[in-house]
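# Close look at the chain arrangement
One letter stands for each residue in the lines below.
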Amino acid sequence: MDQIEPNRPFRWNVAGGDRLGSLVGDGSEEYDPGYVAELTDCAAKVVARSADGDLFFVGRSPDSLYDLLGGVLAGTADAERLNRLPLSLYGYEGRGTTLRERRQLRVNLADAGLSPAGLAGRKRPVVLVDLVAAGSTFGNLHRELRDWIDDERAAWNVIRTKVRYLGVTARGKTSPKTWRWQQHADWVEELPARAVRNVSVSGWLWGYLGNTQPKAEDSFRRHRWADPGVTVPRRDEEARAALGSAVALHRYGRTPEARERFRRVLAGEPGFREPWLRALAGRVRAA
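Residues numbered from 1 in each chain as written. Predicted model: local features only at pLDDT ≥ 70, side-chain atom pairs only at ≥ 80, totals over all residues. Heavy atoms only, no water.

### Observations concerning the overall build of the chain
- Regarding its fold elements, the chain presents ten helices and five strands.
- Taking the principal axes of its C-alpha atoms as reference, the chain extends roughly 50 × 45 × 35 Å.
- With 287 residues in all, the chain has 52% of them scored as buried.
- Taking contacts inside the chain between residues at least 6 apart in sequence as the whole, the part at least 24 apart equals 82%. (Helix = DSSP H or I, 4+ residues; strand = E, 2+ residues; numbered from the N terminus. Buried < 20%, exposed > 50% of the residue type's maximum accessible area, 1.4 Å probe, protein only. Contact = heavy atoms within 4.5 Å.)

### Remarks on the pattern of salt bridges
- Under the definition given, this model contains 26 salt bridges.
- Ionic pairing is found between Arg103 and Asp2, a salt bridge with its closest N-O pair at 3.6 Å. With a gap of 101 residues between them, Arg103 in helix α3 (residues 99–111) and Asp2 in the segment before α1 (33–48) connect regions that are remote in the sequence.
- With a closest N to O distance of 2.8 Å, Glu269 and Arg49 form a salt bridge. Placement of Glu269 in the loop between α9 (256–267) and α10 (275–286) and of Arg49 in the loop between α1 and β1 (54–58) is noted, with a sequence separation of 220 residues between them.
- One salt-bridge network, held together by shared partners, links Asp218, Arg224, Asp227, Arg234, Asp236 and Glu238. (Salt bridge = Lys/Arg side-chain N within 4 Å of Asp/Glu carboxyl O.)

### Topic: helix α7 (residues 203–212)
- Taken together, the buried positions of α7 are occupied by Leu205, Trp206, Gly207, Tyr208 and Leu209.
- Looking at the packing, one finds that the buried side of α7 touches α1, α2 (63–72), β3 (126–131), β4 (163–170) and β5 (196–201).

### Quick notes on the pairing of strand β2 (residues 82–85)
- With four bridges joining them, β1 and β2 adopt parallel strand pairing. Across the sheet, the residue bridging to Phe56 is Asn83, located in β2.
- With respect to chirality, the unit in which β1 leads through α2 into the neighbouring parallel β2 is right-handed. (Pairing = 2+ DSSP bridges. Right-handed = clockwise from strand over helix to strand, strands pointing away.)

### Comments concerning the pairing of β4
- Taken across its eight residues, β4 has six buried, putting it largely inside the fold.
- Strand direction decides the pairing type here: β3 and β4, joined by six bridges, are parallel. When the bridges of β4 are listed, Val126 appears paired with Val163.
- Here β4 runs beside β5; their pairing, made up of six bridges, is parallel. The partner of Thr169 across the bridge, within β5, is Ser200.

As far as function goes, none of this settles anything; it's purely spatial.
Dropping the structure here:
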């Protein structure tokens, strides 16, 4: 059987914004006070509800959270908690998948540290973060991981304690009859209580991040998992605008204003009583 190499879409290192030169747009829209305030609140809640885990931002929709947190946590050991998982499984459902496509998917996941052995050996849990409507991406990813774990005969009783899902959802009315995606996902029952959590944001912010925000790379769907073309950076107008916004968000995250708001939101979360989260807030203050 031929060797399959991991494949990952190219994305510029936004922390090196000064070295990107003319590629970077002005990113001025990211400094809209209402936008960055709500995004910072969401980022803080994602961290607070991560149960001391390592964050893996799935696909492109949560890129702005990743970029902002990269700035907030810059200069601390906690920056190592942040990971991108460029992968699209929306509408995937596993139908018609070839053996080679599935092998490529597993190689790509293993390269991100998400193989069955990698998951079983982790000290901190993996927290998969994505914008969620009906939860199909999480469901498809969970099914692929479970099939792989079964094929490897890995210890699911161990791995199930190392995998968490955190959905960013559009805020709606709260009532006993409110539709919640995780209550309609059978696979959630395989996980421990509290392994699936949510952070809600305004419908405007959710729609912007998930549907209309310019992106620096193409969606990494099944037909592109093995495409070497994804490793070539995009330089079109949309990609440059997205890159400029990402750099601006990272820079904003490093400001005293952003870090103070981040710490304030952390302190208001129930999980702030946990020592790990108070310690993280202290490291952000000292950075």
